[in-house]
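Architecture and fold: a report
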Amino acid sequence: MIPTDSTSDLYREAAKRVVAQTGADQGYCFLLGTADGHLAYEIAKLTRLQVVCVEPDPARATRAREMLSRAGVYGTRVSVHQGKLKDLGYAEYAANLVVCEDMTSAAETIGSAEDVLRLVRPCGGRAYLGSLRTPERKPVTR
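Parameters and conventions
- Residues numbered from 1 in each chain as written.
- Predicted model: local features only at pLDDT ≥ 70, side-chain atom pairs only at ≥ 80, totals over all residues.
- Heavy atoms only, no water.
- Helix = DSSP H or I, 4+ residues; strand = E, 2+ residues; numbered from the N terminus.
- Buried < 20%, exposed > 50% of the residue type's maximum accessible area, 1.4 Å probe, protein only.
- Salt bridge = Lys/Arg side-chain N within 4 Å of Asp/Glu carboxyl O.
- Expected span 1.5 Å × (residues − 1).
- Contact = heavy atoms within 4.5 Å.
- Core = buried A, V, L, I, M, F, W, Y, C linked by side-chain atoms within 4.5 Å.
- Pairing = 2+ DSSP bridges.
- Right-handed = clockwise from strand over helix to strand, strands pointing away.
- Lys, Arg positive; Asp, Glu negative; His and termini not counted.
- Polar contact = N/O pair within 3.5 Å; in protein donor to acceptor, adjacent residues only side chain to side chain.

Here we come to the overall build of the protein chain. Helix and strand content of the protein chain: five helices and six strands. Reading the protein chain from its N terminus to its C terminus gives the helix and strand order α-β-α-β-α-β-β-α-α-β-β. Taken over 142 residues, the protein chain has a buried fraction of 44%.

Printed below as a string of structure tokens:
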């Protein structure tokens, strides 16, 4: 199970906000940067989305996999892929939802905004880019 603390509350509220503002409920969600897996877990709990986490740091990817496995969602609802977005070979337009908490650091570790937006499916795909701590953030619709 997932530990509950103030960090868990932050991710729970962020997931609620992302889902409410994007309307995404099914299909594929690419979560860029996993931290420890909390946000992926919360999004999976709230929706029917298959969550694909992209994490360039091997240690963070391992921690996220372990936490998500303990929570019972790893391999069924959530997967963690280690590497840079552009190197992982995902098909264009694969995502109903792409979530990236911090585009500034994402550009250095995950890929460019172009790499991110290439995943968003046309005609209804959404990207939630920016700070999850800022409630006034609006999703990008493609």
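Right, picking up where we left off after that structure.
As a further point, take the pattern of salt bridges. This model, assessed by the stated rule, comprises five salt bridges. Residue Glu13 pairs with Lys16 through a salt bridge whose shortest N-O separation is 3.5 Å. Of the two residues, Glu13 and Lys16 both sit in helix H1 (residues 6-22), three residues apart, roughly one turn of that helix. Lys16 gets classed as partly exposed once you look at its relative accessible area, which sits at 39%. When salt bridges with common partners are traced through the structure, they connect Asp9, Arg12, Glu42 and Lys45 into a single cluster.

Turning our attention to the environment of Gly111. Considering the arrangement of structural elements, one finds Gly111 in the loop between helix H4 (103-109) and helix H5 (113-117). The spatial distance from the C-alpha of Gly111 to the C-alpha of Leu32 is 9.4 Å, given a sequence separation of 79 residues.

Let's shift gears to helix H3 (residues 58-70). Taking 1.5 Å per residue, 13 residues should reach 18 Å; H3 reaches 18 Å between its end C-alpha atoms and fits that length. Looking at the buried side of H3, the elements it contacts are helix H2 (38-46), strand E2 (48-55) and strand E3 (78-82). Gly72 sits one or two residues past H3 and shows a positive phi near 85 degrees.

Okay, the nonpolar core next. Of all hydrophobic cores here, the largest spans 26 residues; its most connected members are Leu39, Ile43, Val51, Leu68, Val78 and Val99. At the level of secondary structure, the elements contributing two or more residues to this core comprise H1, strand E1 (26-32), H2, E2, H3, E3 and strand E4 (97-100). Per-element tally for this core: the top contributor is H2, with five residues. In this view, Leu68 contacts Gly37, Ala40, Tyr41, Val73, Tyr74, Val78 and Val80; residues no more than four positions away in its chain are not counted. Counting 15 residues, the second largest nonpolar core, distinct from the first, contains Phe30, Leu32, Val54 and Leu129.

The next subject is the pairing of E2. Consecutive side chains of a regular strand alternate in pointing toward one face of the sheet and then the other. The buried count for E2 comes to six of eight residues, which makes it a mostly enclosed element. Where E1 lies against E2, seven bridges are found, and the strand directions are parallel. Bridge pairing links Leu31 to Cys53 in E2. This β-α-β element, E1 to H2 to E2, shows right-handed connectivity. As paired elements, E2 and E3 share five bridges and run parallel to each other. Bridge pairing in E3 places Val52 opposite Ser79. With H3 bridging E2 and the parallel E3, this β-α-β connection has right-handed handedness.

Here Glu55 is to be found in strand E2. With no salt bridge to any partner, buried Glu55 finds its closest opposite charge in Arg60, at an N-O distance of 4.0 Å. Polar side-chain contacts of Glu55 include one of 3.0 Å to the backbone nitrogen of Asp57. If we ignore the near neighbours within four places in the chain, the residues touching Glu55 are Gly33, Thr34, Ala35, Arg60, Ala61, His81, Gln82 and Gly83.

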